[in-house]
Amino acid sequence: MTMLKAITFDLDDTLWDNHGVMARTEEGHYRWLLEALEAWRAARQEPDLALTQEAGGLDYLQRRQQLAKQVPERRGDFTWLRLRALEAQLEAAGLPRSAALLWAAAAMNEFHRLRVQVTPHPEAAGLLAALTERYQLAAITNGNIHLARQPLAAYFPVAIAAGELLAPKPDPTPFLTALSRLNVTPECAMHVGDSWQEDVLPAQQLGMHAVWISQTGDQALPPRVHRIAHIKELPSVLEMLESQGLERHHSGGV
Ligand SMILES: [Mg+2]
């Protein structure tokens, strides 16, 4: 007997390290855009746009930050912010609006092609495969990775892009959406993630169990929260919870 029916997972820095792929994606899609634009304009005998990887990349970042302030409800919808920022930048650099829209969209295609090239922790697929035998699984991410194209997509019949819901974690909405789609109550569910603020606290406050992936952290943990250093330690937490559930079951005489 177990009380736990469902487990929801954060993705970035929980099932894979995100730092390298994000840096390659950031750099790579913008470089692709500048090179493709240069070739396109050269073929049409048009001069280069005055955009460089470094200055243009900084301007692109500042445009996104500005836009997130101007349209706060979109602050977590990173794909939208990037598209609008690129469109505005290309138009400001002299492209006609129609071409700016097409090139911004093409750059974001390249962004997503690079963004899904994450390398899951070697234990992740086997772990998820074993968990699907006992639990319903869902993914809840604030990131803008393409959820159907990421390498562990097959394990997550329910996958929530919280930023695109306009309710990034720690907003409870993505958790409640996942629970409702899994048809489980919070106390029968667990969330696993690396962020104290965005994963652990909101899940715990909703009444879910929570597993915090963190190398460090000596503070006393609130009820229903457990800390592990790596996703591969999750089975031991689940075993412990299930054995406690059994003990409570027996001592309660139910
Ligand atoms: Mg994370």
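Residues numbered from 1 in each chain as written. Predicted model: local features only at pLDDT ≥ 70, side-chain atom pairs only at ≥ 80, totals over all residues.

Per an unreviewed UniProt entry, the chain carries the name HAD family hydrolase and comes from Vreelandella neptunia. The UniProt entry for the chain carries the following text under Cofactor (unreviewed entry): "Mg(2+)". (UniProt positions renumbered as here; feature names shortened; annotations may be inferred.)

Caption draft 1: Quick peek at the nonpolar core. Formed by 37 residues in total, the largest nonpolar core has its most connected members in Ala138, Ala139 and Ile160. Secondary structure elements with two or more residues in this core: strand S1 (6-9), strand S2 (136-141), strand S3 (158-161), helix H6 (173-182), strand S4 (189-193), helix H7 (196-206), strand S5 (209-213) and helix H8 (234-251). Beyond its immediate stretch of four places on either side in the chain, Ala138 contacts Ala6, Thr8, Phe156, Val158, Ala159, Ile160, Ala178 and Leu182. Core analysis: the next-biggest nonpolar cluster, separate from the first, contains 14 residues, Leu37, Trp80, Ala85 and Leu86 among them. (Core = buried A, V, L, I, M, F, W, Y, C linked by C-beta atoms within 7 Å. Buried ≥ 20, exposed ≤ 12 C-beta atoms within 10 Å, placed from the backbone. Helix = DSSP H or I, 4+ residues; strand = E, 2+ residues; numbered from the N terminus. Contact = placed C-beta atoms within 7 Å.)

Caption draft 2: Inspection of the pairing of S2 at higher detail. Within S2, 6 of the 6 residues are buried, which leaves it mostly tucked inside the rest of the structure. Of the two faces of S2, the one holding Gln136, Ala138 and Ile140 and the one holding Leu137, Ala139 and Thr141 are both buried throughout. Strand direction decides the pairing type here: S1 and S2, joined by 4 bridges, are parallel. If you follow Phe9 over to S2, its bridge partner there is Ala139. In the sheet, S2 pairs with S3 via 4 bridges, with the strands oriented parallel. Within the sheet, the bridge partner assigned to Ala138 lies in S3 and is Val158. (Pairing = 2+ DSSP bridges.)

Caption draft 3: Here's a closer look at the domain arrangement of the chain. Parsing the chain into structural domains produces domain 1 (6-17 + 120-251) and domain 2 (19-115). Summarising the inter-unit geometry, the C-alpha centres of domain 1 and domain 2 are found 33 Å apart. Taken together, the contact pairs 10 residues of domain 1 with 10 residues of domain 2. Residues belonging to the side of domain 1 that touches domain 2 are distributed by class as follows: 4 nonpolar, 4 polar and 2 charged. (Domains from an automatic or database assignment. Nonpolar A, V, L, I, M, F, W, Y, C, P; charged D, E, K, R; others polar.)

Caption draft 4: Here's a closer look at the environment of Ile228. Position of Ile228 among the secondary structure elements: in strand S6 (residues 225-228). What makes Ile228 partly exposed here is the crowd of 17 C-beta atoms within 10 Å. Ile228 has contacts with Val211, Ile213, Glu233, Leu234 and Val237, leaving out every residue within four places of it along the chain.

Caption draft 5: Region of the structure containing the sheet that holds S3. Pairing in this open sheet of 6 strands is parallel, and the strands run S3-S2-S1-S4-S5-S6 from one edge to the other. The sheet terminates laterally at S3 and S6, the two strands that pair on one side only. On average, adjacent strands in this sheet sit at an angle of 20° to one another, irrespective of strand direction. In the packing of H7 onto the sheet, contacts are made with S4, S5 and S6, and the angle to S5 comes to roughly 165°. (Axes fitted to C-alpha atoms, helices over the stretch in contact; angles between N-to-C directions.)

Caption draft 6: Region of interest: the pairing of S1. Of the two faces of S1, both are covered, the one formed by Ala6 and Thr8 as well as the one formed by Ile7 and Phe9. As defined by bridge partners, S1 adjoins S4 across 4 bridges and the pair is classed as parallel. Looking across to S4, one finds that Ile7 is bridged to Met190.

Caption draft 7: Spatial organisation of H7. Three or more residues of H7 are buried, namely Asp199, Val200, Pro202, Ala203 and Gln204. Where H7 is buried, its residues touch H6, S4, S5 and S6.

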